[in-house]
Amino acid sequence: MSEYEKPVEHSYDADDIQVLEGLEAVRKRPGMYIASTSEKGLHHLVWEIVDNSIDEALAGFANKITIKVDNDNIITVTDNGRGMPVEIHKKTGISTVETIFTVLHAGGKFGGGAYKVSGGLHGVGASVVNALSEWLEVYVRRDEKVYYCRFENGGKIVQPLKEIGTCGAEEHGSEVRFKADPTIFTETTVYNHNTLRDRIRQLAFLNKGIRIVYIDEREDLNNGEKEHDFLYEGGIKEYVEYLNKNKTPIQQDVIYVEGEKNGIQVEVGMQYNDGYQPNIYTFCNNINTVEGGTHEEGFRLAINRIINRYGRNGNFLKKDDDNLTTDDIKEGLTAVISVKHPDPQYEGQTKTKLGNSEVKAIVSDILGDQLERYLMENPNEAKVIMDKCIVASKARIAAKKARESTRRKSVLEITSLPGKLADCSSKDASICEIYIVEGDSAGGSAKMGRNSKFQAIMPLRGKILNVEKARLHRIFENNEIRSMITAFGCGIGEELDTSKLRYHKIVIMTDADVDGSHIRILLLTFFFRFLRPVLEQGYVYFAMPPLYKVQKGNAIKYAYTEQEMTDILKEWGDAKNLGIQRYKGLGEMDPEQLWETTMDPEVRTLIQCTVEDAMEADQVFSMLMGEEVEPRRNYIMENAQFAENLDI
Ligand code: 0RA
């Protein structure tokens, strides 16, 4: 029961006081009503007001909403709906407009008409915004009249609703202007342009046919984007196209499904791209339900049932084949699932998991029927989808087999270690090191020069697999990668267990040249994607081989950087009687030199690799493999030699 419905035992004045106490409670504990009083909560205010206009539009009375932020960070939200009701409200004795902005939870259910679709999660009502504003004004255009009221200081009425003029009959609608109270929002009262823009765009996708205009007058903050005009007649069909914009769809069109049952509206858009990641977003009443819930369950149920049934009937799946798993079906699938529910129940850690149990069957039935019909009516598209899912399932099965064969079963099975690995004799991981060495000849020197008690050597040959482009099972098929995984002994991905790691130092030893650094990028990318905890826990290092050897008589010095070289030359004077050798690669060093310069723990320098290093490598990689042509071309021009070795 909302507060204004409580039995009225007091006089009109007492009611008035009760209203003020309500808003005062909001100011005392804003955290109970909005997300926070930080930047997030500030933006929350905007969504509270916008939600009301979206409800008016969803009820069929408005088709345009404008959201403006001006130089003083004043927000103005305008719609072309019926205009908020201006007559005296029976229960409060004041105008309905004022009631909306002063009585907690009074948003919506007045006339008992349409339910409140929008918001819901934080649908605490416009009164909360008023309570947390320095001032707030409302203009109503209705029946050819313009009405106005104003509140200050956290919702205290300073101008009760009054008629201030006339307007054309077609100029109906509501306008709310407010300035967030800086004594409440102490961190900031400055809105983030991109936050507003992205959510407004999303609202336009989720509510097809509603035109939402976003105006940001703040020249220094608006990225040069003063105005956005969002209108998507296709709704989430266009949302899915937008999400797949930088990808390569393998289907002509987005599969779009909509339906309604028991007052619950369901909309689903889906389209496959040639990638491997699923991109599935779910919403209830325009809220992104990031924890999923019953609508997502219904979606999974439907795609699983229908794709497998179609696969069997169409003989894509043979008699002995297992069913496709949901993961097989989701590979490369971009989908948006949106439901609108009159009484949503949210669960989960962050209250973003839809809990209403009836939704599961409703989504499953509506999507199932229409998806099946789509596949029947579009056999070419259906074939593309089936082929994609079947390839995914084959890859999954192959990857599982490969994982099983690379998994170190027990210490006794030492014979299964890769042939090219020269293992160390110690089994104490805390002192063991493995050198990943570029090239066979350097590998040979390292094997001879090492201390075989605790140093293992693993030479890498030839082109290393490009993990970004390769599908999972291709990664496991690659010999260099398999050898590394087997040697490390800790498994990878979900099954990774660093307590099983056989070496507490994994040392990447490459030439100090461009190719060497590129091999490092490839290795780091692989570690970043599949062995991240190993990186995070500090087990990965770079060896630092010298650039120069300088000899004067019997004395030898090594220079590891150009600066060190300059220093040595300064110290030893004229170069005429110095023997200077510039190392072009590790292979030029004999075993003793390699030991005494790069591998001997007493003198060597190891650089511990950080996750940031790996992240950067990963980004270079993504850039090389990604869609953007320009940066890739520049990079290839600058690194032509390396690029030849990469199949991009
Ligand atoms: C007429 C009746 C009701 C609300 C509105 C108009 C209305 C409210 C807002 C809020 C922002 N813009 C608006 N435009 C119109 C009451 C609705 C009900 O009780 O269901």
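Because the structure is predicted, anything quoted here is derived from the model rather than measured. (Residues numbered from 1 in each chain as written. Predicted model: local features only at pLDDT ≥ 70, side-chain atom pairs only at ≥ 80, totals over all residues. Heavy atoms only, no water.)

Describing helix H6 (residues 236–243)
Then comes step 1: Where H6 is concerned, the buried positions are Ile236, Tyr239 and Val240. Seen along its axis, H6 keeps its buried residues to an arc of 95°; they face one direction. (Buried < 20%, exposed > 50% of the residue type's maximum accessible area, 1.4 Å probe, protein only. Helix = DSSP H or I, 4+ residues; strand = E, 2+ residues; numbered from the N terminus. Arc of directions from axis to C-beta.)

Here's the deal with a negative patch on the surface
Then comes step 1: There is a patch of like negative charges on the surface, built from Asp143, Glu144, Glu170 and Glu171.
Then comes step 2: Residue position: Glu144 is located in the loop between strand E3 (133–142) and strand E4 (145–152). (Patch = residues over 30% accessible without salt bridge, like charges linked within 9 Å, V, L, I, M, F, W, Y side chains within 5 Å. Areas by Shrake-Rupley, 256 points an atom, 1.4 Å probe, with all protein chains shown as cover. Salt bridge = Lys/Arg side-chain N within 4 Å of Asp/Glu carboxyl O. Lys, Arg positive; Asp, Glu negative; His and termini not counted. Charge placed at Lys NZ, Arg CZ, Asp CG, Glu CD.)

Topic: the pattern of salt bridges
Then comes step 1: Following the criterion strictly, the structure yields 22 salt bridges and no others.
Then comes step 2: For Arg177, the salt bridge goes to Glu137, with nearest N and O atoms at 3.4 Å. Of this pair, Arg177 sits in strand E6 (residues 173–180) while Glu137 sits in strand E3, and the two are 40 residues apart along the sequence.
Then comes step 3: With a shortest N-O distance of 3.6 Å, Asp497 and Lys500 are connected by a salt bridge.
Then comes step 4: Here the salt bridges do not stand alone but share partners, grouping Glu137, Arg150, Glu152 and Arg177 into one network.

Observations regarding the side chain of Asp216
Then comes step 1: With respect to the helices, strands and loops of the structure, Asp216 is situated in strand E7 (residues 211–216).
Then comes step 2: Judged by its relative accessible area of 0%, Asp216 falls in the buried class.
Then comes step 3: Here His193 takes part through its side chain, which lies 2.7 Å from a polar atom of the side chain of Asp216.
Then comes step 4: There is a polar contact of 2.9 Å between the side chain of Asp216 and the side chain of Arg218.
Then comes step 5: Look past the residues within four positions of Asp216 in its chain and what remains in contact with it is Val69, His193, Asn222, Glu225 and Lys226. (Polar contact = N/O pair within 3.5 Å; in protein donor to acceptor, adjacent residues only side chain to side chain. Contact = heavy atoms within 4.5 Å.)

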